[in-house]
Amino acid sequence: MPMTEPTSTTTRLTVAQALVRFLAAQYTERDGVRRRLVSATWGIFGHGNVAGLGQALLEYGEYGESGAYAAVSPGGTAAGTPVMPYHQGRNEQSMVHAAVGYARQSNRLSAQAVTTSVGPGATNLVTGAALATINRLPVLLLPGDVFATRPADPVLQQLEVPYAGDVSVNDCLRPVSRYFDRITRPEALIPAALQAMRVLADPVDTGAVTLALPQDVQAEAFDWPVGFFAERVWSVRRPVADPEELAAAVRAVREARRPLLVAGGGVHHSEAEDALRRFADLTRIPVASTQAGKGSLAWDHPADVGGIGHTGTATACELARTADLVIGVGTRYTDFTTASGTLFAAPGVRFLNLNIASFDAHKLAGQPLVADARSALEALTEALAPHGHRAADSYVTEYTDDKERWEYRVDAAYEAEDPDTRPTQPQVLGVLDALVTGDDILVNAAGSLPGDLHKLWRARSRDQYHVEYGYSCMGYEIPAAIGVRMAAPDRPVWALVGDGTYLMMPTEIVTAVQEGIAIKVVILQNHGYASIGGLSETVGGERFATAYRHRSADGTYTGRPLPVDLAANAASLGMRVLRAKTVDDLRTALAEARAADTPTCVYVETETADTVSGAPPAQAWWDVPVAETATRPSAVKARELYERLAATRRRHL
Ligand SMILES: Cc1ncc(C[n+]2csc(CCOP(=O)(O)OP(=O)(O)O)c2C)c(N)n1
Ligand SMILES: [Mg+2]
């Protein structure tokens, strides 16, 4: 049905062109700062988007409204700069990782879009979308889709579902998206695009937003009301606490004898670090952090007790076991944080959950404080100040002494007795620790590194510690580092990757080289899945299939290590590569990489998968169910231990 507006107030564009023009005019605003909501678009073209979005990005993107080519400068809309900067990726999943890294580094106030072809290009988005949604990080997905008009079914790469004509593979994106729509008519773009922006900018609902774009509709022309392209500002709200919830929260804090604050990713998203520091300065309540929340307080703040949970510090875990009030701020309480329901063990323990999402604020039968982290922490501090509320001296002394003991353990793990030998993984972190300033950003997601980092790393600045542990997705590190560096172009950005992770997704190195994005990649080679090997051993799996080895004569994977050369691989993709054999080499190589202004890789062999990494062991349990019946003694024994530990699980009611 044609729109009824007179031609003077409409402009004729294809759906794809209209979408690009629309996206270029969307802004977020928080605390008086305005930013482009969708500042760039990643894409790989195929027959589902090449003639639609591809053409639109060419005509209204890279070339700018003046039609003259302009250098890419994310966010710029002045004459001559691109309306929508475009970046060429190598893999759809990793383009989403790059966008997610960018969004997190931008405190969720700016995002990027990802366009794909139909079929495999689109389904490659699923993993990245799940990661974005789980971590509540905004990304706009624009997969091509099969014909809406269905002139000839099936089109190349179309999945046919005999019982449902309206299903395509893009429906896989529904459960991993916070908003999903398929634009089967041009005019449907208008409400869908507005809803998409609402969700991207919503601090509770944000995550992956998918607008599936049938390839015929993308290229179809329509007379758009010009108002659709007007600049629009999406205010990223900071809801304040309900007075009654706040009063109840103040009472709970005042009554607590052994309170412990658990800082989650919400502290960062809200930029609540200063407010948290003032709260901790006033109350001296110890602050532990989840993977997403690490860095909420600088490591050397007296109240910072480091990571909590399975990969946490002994200090934080001891406090958790005896806490009478756990103040969760911006945390989802994953199983790592709660040690699978075993960590908060004091009989009368209560939870006070400050969270912008009511869903999370009600977890563990907690007392909810539904609000923006910064605004509510400020309100709490203000309400507690007149009472001069402070944790008891004996409590402060207890955790201060404990923290000091933990720091000795960190030093011991970092220290290499003989710098002429191959480093352990913690020693690699030790060398890095000695080199970086608060400016440096570390990106990591999977393997044994997240555990070592959570226990050991001394976060110097609020955003130095970028470990994605909501999805803990192998392959996130390199593309995410690219996205982080796009959001922080003057800061050293390090992707720390295990060899398994590297092999899963090294390909965006090519993009870093192409775009001149000077990320630093550190490859820690230990010939396999050391983390899963260790886990396997504790659950009766005997390290089965966790090392990268040839099959030996008996058919098992116990032969020689595989002859892969990841350093040569990185070099073949265009990176400058520095090989380090010893701790001393590593010092030189990491310093050189830090100074480099081109993408640089440092390759180091660490202790093999069969040896301990040197980090302190787990300070709390993690529930990984063990075979209830087995003939192999390893599993029988592991099950006995499992049952003992599982018996300590509790439900908080
Ligand atoms: C995409 C994906 N597949 C599988 C896993 C399960 N997993 C977690 S860590 C890991 C091994 C990682 O190996 P590597 O990167 O070499 O690190 P290491 O364990 O050796 O430190 C695996 C397979 C995962 N987290 N992500
Ligand atoms: Mg490995």
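Residues numbered from 1 in each chain as written. Chains lettered and ligands numbered in written order. Predicted model: local features only at pLDDT ≥ 70, side-chain atom pairs only at ≥ 80, totals over all residues. Heavy atoms only, no water.

**Considering a negative patch on the surface**
Among the surface-exposed residues, Glu 415, Glu 417, Asp 418, Asp 420 and Asp 585 lie close enough to one another that they form a single negatively charged patch. In this structure, Asp 418 sits in the loop between α15 (393-414) and α16 (425-435). (Patch = residues over 30% accessible without salt bridge, like charges linked within 9 Å, V, L, I, M, F, W, Y side chains within 5 Å. Areas by Shrake-Rupley, 256 points an atom, 1.4 Å probe, with all protein chains shown as cover. Salt bridge = Lys/Arg side-chain N within 4 Å of Asp/Glu carboxyl O. Lys, Arg positive; Asp, Glu negative; His and termini not counted. Charge placed at Lys NZ, Arg CZ, Asp CG, Glu CD. Helix = DSSP H or I, 4+ residues; strand = E, 2+ residues; numbered from the N terminus.)

**Observations regarding the domain arrangement of the protein chain**
Each assigned domain of the protein chain is listed with its residue range as follows: domain 1 (10-235), domain 2 (243-405) and domain 3 (415-527 + 562-605). If you average the C-alpha positions of domain 1 and of domain 3, the two centres end up 31 Å apart. Contacts between the two partners involve 24 residues from domain 1, matched on the other side by 29 residues from domain 3. Summed over both sides, the interface of domain 1 with domain 3 buries roughly 2100 Å², with 60% coming from carbon and sulfur. (Domains from an automatic or database assignment. Contact = heavy atoms within 4.5 Å. Buried area = accessible area lost by both parts, 1.4 Å probe.)

**Observations concerning the sheet that holds strand β19 (residues 465-467)**
Read from one edge to the other, the open sheet built from six strands follows the order β19-β18-β20-β21-β23-β22, with strand pairing classed as parallel. The sheet is open, and its two borders are formed by β19 and β22 (576-580), each paired with just one other strand. Ignoring strand direction, the axes of neighbouring strands in this sheet form an average angle of 20°. Against the sheet, helix α17 (residues 449-456) touches β18 (441-444), β19, β20 (493-498) and β21 (520-525), its axis set at about 150° to β19. (Pairing = 2+ DSSP bridges. Axes fitted to C-alpha atoms, helices over the stretch in contact; angles between N-to-C directions.)

**Description of the sheet that holds strand β13 (residues 287-289)**
Here six strands make up an open sheet; going across it, the order is β14-β13-β12-β15-β16-β17 and the pairing parallel. Each of the sheet's edge strands pairs with one partner strand only, and the pair in question is β14 (304-307) and β17 (367-370). Strand after strand, the sheet turns through a mean of 20° between neighbouring axes, direction not considered. Pairing analysis gives three bridges linking β13 to β14, with the strands arranged parallel.

**Quick look at the coordination of the magnesium ion (ligand 2)**
Here the magnesium ion (ligand 2) is held by Asp 499 (OD), Asn 526 (OD1) and Gly 528 (O), and the distances to it run 2.0 Å. Read in sequence order, the donor residues for the magnesium ion (ligand 2) give the motif D-x26-N-x1-G. A residue pair is termed long-range when its members are at least 10 positions apart, and Asp 499 in helix α19 (residues 499-504) and Asn 526 in the loop between β21 and α21 (530-538) qualify at 27 residues. In this pair, the class of Asp 499 matches that of Asn 526, namely buried. (Donors = N, O, S within 2.8 Å, 3.2 Å for Na, K, Ca; no water. Buried < 20%, exposed > 50% of the residue type's maximum accessible area, 1.4 Å probe, protein only.)

**Considering the pattern of salt bridges**
Evaluation of the coordinates by the stated rule reveals 37 salt bridges. Residue Asp 31 pairs with Arg 374 through a salt bridge whose shortest N-O separation is 3.2 Å. Of this pair, Asp 31 sits in the loop between β2 (26-30) and β3 (33-36) while Arg 374 sits in helix α14 (residues 373-384), and the two are 343 residues apart along the sequence. By relative accessible area, Asp 31 is classed as partly exposed at 43%. Here Arg 374 falls in the partly exposed class, since its relative accessible area comes to 22%. Measuring nitrogen to oxygen at the nearest pair gives 2.9 Å for the salt bridge that ties Arg 462 to Glu 273. Of the two residues, Arg 462 is situated in the loop between α17 and β19 and Glu 273 in helix α10 (residues 273-283); the sequence distance between them amounts to 189 residues. Exposure remark for Arg 462: the relative accessible area of 24% places this residue in the partly exposed category. The class of Glu 273 is buried, set by a relative accessible area of 7%. Several salt bridges converge on common partners, so that one network encompasses Glu 273, Asp 439, Arg 462, Asp 463 and Arg 491.

**Considerations on the side chain of His 389**
As for its position among the elements, His 389 is in the loop between α14 and α15. Within the structure, the side chain of His 389 is placed 3.4 Å from the backbone oxygen of Val 253, a separation counted as a polar contact. Those residues in contact with His 389 that sit more than four places away from it in its chain are Val 253, Arg 254, Leu 282, Thr 283 and Leu 384. (Polar contact = N/O pair within 3.5 Å; in protein donor to acceptor, adjacent residues only side chain to side chain.)

**Considering the packing of aromatic side chains**
Scanning the model with the defined rule gives twelve aromatic pairs in all. The side chain of Arg 579 reaches across the aromatic face of Tyr 603, ending 5.8 Å from its centre. (Phe/Tyr/Trp six-rings, centres within 6.5 Å; stacked < 30°, edge-to-face > 60°. Lys NZ or Arg CZ within 6 Å of the ring centre and 35° of its normal.)

**A few points about the site of ligand 1**
Surrounding ligand 1, one finds 15 residues, the nearest of these being Ser 448, Ser 472, Gly 500, Gly 528 and Ser 531. Within the backbone of Ala 530, one N or O atom sits 2.9 Å away from an oxygen atom of ligand 1. Coverage of ligand 1 by the protein chains reaches 77% of its 590 Å² of free accessible surface. Counting residues per element, the shell around ligand 1 draws most heavily on α19, at four residues. Its residues placed into classes, the shell around ligand 1 shows five nonpolar, nine polar and one charged. (Near = heavy atom within 4 Å. Nonpolar A, V, L, I, M, F, W, Y, C, P; charged D, E, K, R; others polar.)

**Some thoughts on the nonpolar core**
By size, the foremost hydrophobic cluster in this structure holds 54 residues, and its most contacted members are Leu 261, Ile 308, Ile 327 and Leu 369. The next biggest cluster of nonpolar side chains, apart from the first, holds 50 residues, and it includes Val 139, Phe 180, Ile 519 and Ala 567. (Core = buried A, V, L, I, M, F, W, Y, C linked by side-chain atoms within 4.5 Å.)

**Some thoughts on the pairing of strand β23 (residues 600-605)**
For β23, a buried count of five out of six residues is recorded, marking the element as mostly surrounded by other parts of the structure. Note that β21 and β23 share six bridges and pair parallel. Bridge pairing in β23 links Val 521 to Cys 601. Of the strand pairs in this sheet, β22 and β23 are connected by five bridges, and their pairing is parallel.

**A closer look at helix α5 (residues 126-134)**
Within α5 the residues assigned to the buried category are Gly 128, Ala 129, Ala 130, Leu 131, Ala 132 and Thr 133. Looking at the buried residues of α5, the elements they touch are α3 (92-105), β7 (139-145) and β9 (208-214). One or two positions beyond α5, positive phi appears at Arg 136, with a value near 55°.

**Section: the packing of α16 against helix α23 (residues 583-595)**
For the pair α16 and α23, the least separation of the axes is 10 Å and the interaxial angle reads 45°. If you check the angle between α16 and α23, you find them oblique. In the packing of α16 onto α23, the handedness of the crossing is right-handed. For the pair α16 and α23, the contacting residues are Gln 427, Val 428, Val 431, Leu 432 and Leu 435 in the first and Val 583, Leu 586, Arg 587, Leu 590, Ala 591 and Arg 594 in the second. (Parallel < 35°, antiparallel > 145°, perpendicular 65-115°, else oblique. Left-handed = near helix turned anticlockwise from the far one by under 90°.)

**Re the UniProt feature "domain: Thiamine pyrophosphate enzyme TPP-binding" (unreviewed entry) in the protein chain**
Under the UniProt annotation, the feature "domain: Thiamine pyrophosphate enzyme TPP-binding" (unreviewed entry) is placed at residues 446-603. Along residues 446-603, the helical share is 39% and the strand share 15%, with 18 Å between the first and last C-alpha atoms. (UniProt positions renumbered as here; feature names shortened; annotations may be inferred.)

**Structural notes on the environment of Ile 134**
Within the secondary structure, Ile 134 sits in helix α5. With sequence-adjacent residues up to four places away left out, Ile 134 is seen in contact with Arg 332, Gly 470 and Tyr 471.

**Section: unusual backbone geometry**
Cis geometry marks the peptide bond from Asp 153 to Pro 154, where omega comes out at -10°. Within the secondary structure, Pro 154 is located in the loop between β7 and β8 (179-182). In this model, Tyr 333 sits at a positive phi of 50°, which is unusual for a non-glycine residue. Mapped onto the elements of the fold, Tyr 333 is located in the loop between β15 (325-329) and α12 (335-338).

**Thoughts on helix α8 (residues 243-255)**
A rise of 1.5 Å per residue sets the reference length of α8, with its 13 residues, at 18 Å; its end C-alpha atoms lie 18 Å apart and thus fit the reference within 8%. Of all the residues in α8, the buried ones are Leu 246, Ala 248, Ala 249, Val 250, Ala 252 and Val 253. Next to the buried residues of α8 lie β15, β16 (350-355), β17 and α14. Two to three positions downstream of the cap, the backbone nitrogen of Glu 244 sits 3.0 Å from a side-chain oxygen, assigning the N-cap of α8 to Asp 242. (Expected span 1.5 Å × (residues − 1).)

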